[in-house]
Amino acid sequence: MLSWIAYYLIKGVSFILGHIPLQGALACGRIAGYVCWMFHRRKWVAYANLRAAFNGKYSSQELRRIVRKTYTNLGQTFVELLRFPFITKEYIENNFVLLAGSKERIESVLRQGKGGVFLTAHLDNWELAGYYSASQGYPLKVLVTEQKISRVNELLNHYRELCGNKVIGKGMPLREMMGALQDNELIAIVGDQGGEKEDVYLRFFGRLVATPPGAFRIAQKYKSAIIPCMMVREAQ
């Protein structure tokens, strides 16, 4: 029952957000992110990590502002994901700028016939980056984290696949990724979230950080190119 309630609630919110102006929808996302920032206990983990990383470069007030802006950006990111069913060609043309030479680099990788690995991070809107890639003629096999509520997980994955991408979830994701590279396709991995026993520890901002090596290992195995891919939000 809870799964269905969450499903219809998110679907209803998606419908509302898709029928109000973009700036209004993003403002809703920022408000939701701000509310989460106020009550989410793990914000202090983010604050502690920033303080350790920058080691006196920023004041406590500046660090708290960075954490708060991170939460409001996450709110915008979720809103934009919920608006996927309502994205139009005009929206793409008016709101995205692709760096010069990007398509040429991708075409160069595909001409090698070994596929490619889009490696991104939880930066600005990684979900929208995948949508934009497919809209430009480069559909992706996207490795995603499963959500705890099954119906919500199915709905969000449905949204992710509206543009032509294919979600790789639970089951045998490694086999699907290997098959995609062998078929000269592009796969996308968000590679900044560790926590597995296979992680490699690398020095980052002066500290050893658990880093998932999966993207590099699969690219090395099939001699596929890794393509760093980031979407940067230039304004609210």
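Residues numbered from 1 in each chain as written. Predicted model: local features only at pLDDT ≥ 70, side-chain atom pairs only at ≥ 80, totals over all residues. Heavy atoms only, no water.

Caption draft 1: Examining the overall build of the chain more closely. For the chain, the count of helices and strands is ten helices and seven strands. Scaling as 2.2 N^0.38, a compact globule of 236 residues should have a C-alpha radius of gyration of about 18 Å, and the chain matches this with 19 Å. Seen through its principal axes, the chain has C-alpha atoms that stretch 50 × 45 × 40 Å. For the chain, with 236 residues in total, the buried portion stands at 39%. The contacts of the chain with a sequence gap of at least 6 include a subset with a gap of at least 24, amounting to 76%. With an accessible surface of roughly 14,700 Å², the chain has 58% of that area assigned to carbon and sulfur atoms. (Helix = DSSP H or I, 4+ residues; strand = E, 2+ residues; numbered from the N terminus. Rg over C-alpha atoms; globule rule 2.2 N^0.38 Å. Buried < 20%, exposed > 50% of the residue type's maximum accessible area, 1.4 Å probe, protein only. Contact = heavy atoms within 4.5 Å. Areas by Shrake-Rupley, 256 points an atom, 1.4 Å probe, with all protein chains shown as cover.)

Caption draft 2: Representation of the sheet that holds strand β2 (residues 140–143) within the structure. The strand order across the open sheet built from five strands is β3-β2-β4-β1-β7, with neighbouring strands paired in parallel fashion. Of all strands in the sheet, those bounded by a partner on one side alone are β3 (166–168) and β7 (225–228). Ignoring strand direction, the axes of neighbouring strands in this sheet form an average angle of 30 degrees. Direction of pairing for strand β1 (residues 116–120) relative to strand β4 (residues 186–190): parallel, over a ladder of five bridges. Counterpart to L119 in the pairing with β4 is I189. Where helix α10 (residues 214–222) meets the sheet, it contacts β1, β4 and β7, and its direction lies at approximately 165 degrees from that of β1. (Pairing = 2+ DSSP bridges. Axes fitted to C-alpha atoms, helices over the stretch in contact; angles between N-to-C directions.)

Caption draft 3: The arrangement of a nonpolar patch on the surface in detail. On the surface, I31, Y34, V35, M38 and F39 cluster together into a nonpolar patch covering about 530 Å² of accessible area. Assignment of secondary structure puts M38 in helix α2 (residues 22–39). (Patch = residues over 30% accessible without salt bridge, like charges linked within 9 Å, V, L, I, M, F, W, Y side chains within 5 Å. Salt bridge = Lys/Arg side-chain N within 4 Å of Asp/Glu carboxyl O.)

Caption draft 4: Geometry of the layout of surface pockets. Considering only enclosed or pocket space, the second largest pocket measures out at about 1,000 Å³ in volume. Top contributing element to the lining of the second largest pocket by residue count: helix α7 (residues 126–135), with four residues. (1 Å grid on protein atoms, 1.4 Å probe; cavity = no way out; pocket = protein on both sides within 12 Å on 5 of 7 lines; lining within 4 Å. Points joined across faces, edges and corners; volume = space filled by probe spheres on them.)

Caption draft 5: Spatial organisation of the packing of aromatic side chains. With the rule as written, the count across this model stands at twelve aromatic pairs. Aromatic pair W4 and Y8: ring centres 5.8 Å apart, planes at 25 degrees, arrangement stacked. Of this pair, W4 and Y8 both sit in helix α1 (residues 2–18), four residues apart, which is roughly one turn of the helix. Residue classification places W4 among the partly exposed positions, given a relative accessible area of 36%. (Phe/Tyr/Trp six-rings, centres within 6.5 Å; stacked < 30°, edge-to-face > 60°.)

Caption draft 6: Focus on helix α3 (residues 43–54). Relative to the 16 Å expected for twelve residues at 1.5 Å per residue, α3 spans 17 Å between its end C-alpha atoms, a close match to the ideal helical length. Turning to α3, its buried residues number three or more, namely K43, Y47 and L50. For α3, the angular spread of buried residues about the axis comes to 65 degrees, placing them on one side. Tucked into the core, α3 has its buried residues touching α2 and α4 (60–82). (Expected span 1.5 Å × (residues − 1). Arc of directions from axis to C-beta.)

Caption draft 7: Representation of the pairing of strand β6 (residues 207–211) within the structure. With five bridges joining them, strand β5 (residues 200–204) and β6 adopt antiparallel strand pairing. Paired with F204 across the two strands is R207, which belongs to β6. Linking β5 to β6, which pair antiparallel, is a turn of two residues; within it F205 sits at a positive phi near 55 degrees.

Caption draft 8: Geometry of unusual backbone geometry. The phi dihedral of N55 falls on the positive side, at around 45 degrees, and the residue is not glycine. Overall, N55 belongs to the exposed group, its relative accessible area being 67%. Not every positive phi belongs to a glycine, and N184 is a case in point at roughly 60 degrees. One can find N184 in the loop between α9 (173–182) and β4. Looking at N184, the relative accessible area reads 25%, which means it is partly exposed.

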